[in-house]
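Chain by chain, the residues:
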Amino acid sequence: MDVKRVKDYIYWLYYQYQLVTCSYVLEPWEQSMFHTITVTVVAMVVYTAYVFVPIHVRLALEFFSQIFGAQPDSPV
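First, a word on scope: everything that follows refers to the structure included in this document. Only a predicted model underlies this, so the values are computations on that prediction, with no experimental measurement involved.

## Things to note about the pattern of salt bridges
Here the structure, examined in full by the defined rule, presents 2 salt bridges. The partner of aspartate 8 in a salt bridge is lysine 4, and the shortest N-O contact between them spans 3.2 Å. Of this pair, aspartate 8 and lysine 4 both sit in helix H1 (residues 3–21), 4 residues apart, which is roughly one turn of the helix.

Okay, here's the thing in structure tokens:
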């Protein structure tokens, strides 16, 4: 893939982000604050999903395996 095409695609994605969030009408200092808050919130959501989703999936699998008749593992 051409580097220029990748660069143009990333610029297009950023432009779409600005259009969707209407951040293109903000002043530069407001844009930096908005982007900082947005990145922080997205990072917190990704971290929370990374930490807690596997735990909930495991608990759900244990719950449904007990409901549908699977025998729990007994310690030897």
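## Looking at helix H2 (residues 28–67)
Every α-helix carries 3.6 residues per turn, so stepping three or four residues along brings you back to the same face. Look at H2: 56 Å from first C-alpha to last across 40 residues, which is about the 58 Å you get at 1.5 Å a residue. Maximal helix bending in H2 amounts to about 35 degrees, located at phenylalanine 52; proline proline 54 follows within four positions. Positive phi appears at glycine 69, one or two residues downstream of H2, with a value of about 95 degrees.

## Remarks on the packing of H1 against H2
Packed helices, taken two at a time, are described by the angle their axes make and the gap between the axes. Two numbers describe how H1 lies on H2: the axes approach to 13 Å, and their chain directions differ by 100 degrees. As summarised for this structure, H1 and H2 are arranged roughly perpendicular, according to the angle between their axes. On the side of H1, the interface is formed by Tyr14, Tyr17, Gln18 and Thr21, while H2 contributes Gln31, Phe34, His35 and Thr38. Looking at the contact of H1 with H2 residue by residue, the classes come out as 3 nonpolar, 5 polar and no charged.

## Description of the environment of serine 23
Along the chain, serine 23 turns up in the loop between H1 and H2. On the basis of relative accessibility, which here comes to 1%, the residue serine 23 falls in the buried class. Distance in space between the C-alpha atoms of serine 23 and histidine 35 is 8.7 Å, their sequence separation being 12 residues. In contact with serine 23, not counting residues within four places along its chain, are Gln18, Gln31, Phe34 and His35.

## Examining the packing of aromatic side chains
Within this structure, the stated rule accounts for 4 aromatic pairs. Ring plane angle 25 degrees and centroid distance 6.0 Å describe the contact between tyrosine 9 and tryptophan 12, whose orientation is recorded as stacked. Within this pair, tyrosine 9 and its partner tryptophan 12 are both found in helix H1, separated by 3 residues, close to a single helical turn. The interplanar angle of 20 degrees and the centroid separation of 6.4 Å between the aromatic rings of phenylalanine 64 and phenylalanine 68 together place this pair among those described as stacked. Classification of phenylalanine 64 as partly exposed rests on a relative accessible area of 47%. Take phenylalanine 68: its relative accessible area is 69%, and that puts it in the exposed class. An aromatic cluster of at least three residues, connected via ring pairs, comprises Phe63, Phe64 and Phe68.

Criteria and thresholds
For every chain, the first residue of its written sequence is number 1, and the numbers climb from 1 along that sequence. Only residues with pLDDT of at least 70 get local features here, since the model is predicted, and only at 80 or more are side-chain atom pairs given and counted; chain-wide, interface and lining totals rely on the full set of residues. Side-chain metrics in this entry use all non-hydrogen atoms of the structure; hydrogen atoms and water are not considered. Here, a salt bridge means any Lys or Arg side-chain nitrogen found within 4 Å of an Asp or Glu carboxyl oxygen. Helix and strand definitions follow DSSP, with helices as H or I runs of at least four residues and strands as E runs of at least two, each counted in order from the N terminus. Take the residue count of a helix, subtract one, and multiply by 1.5 Å to get its expected span. To obtain the bend at a residue, axes are fitted to the seven residues ending there and to the seven starting there, and the angle between these axes is taken. Axis definition: a line fitted to C-alpha atoms, over the contacting stretch in the case of helices. Angles run 0 to 180 degrees between N-to-C directions. Working definition: roughly parallel below 35 degrees, roughly antiparallel above 145 degrees, roughly perpendicular at 65 to 115 degrees, and oblique for all remaining angles. The contact criterion used is simple: two residues touch if any of their non-hydrogen atoms lie within 4.5 Å. All amino acids are sorted into three groups, where Ala, Val, Leu, Ile, Met, Phe, Trp, Tyr, Cys and Pro are nonpolar, Asp, Glu, Lys and Arg are charged, and the leftover types, Gly among them, are polar. Exposure classes here rest on a 1.4 Å probe applied to the protein chains alone. A residue is buried below 20% of its type maximum, exposed above 50%, and partly exposed in between. Working definition: a ring pair exists when centres of Phe, Tyr or Trp rings (six-membered ring for Trp) sit within 6.5 Å. Plane angles under 30 degrees give stacked, over 60 give edge-to-face, the rest tilted.

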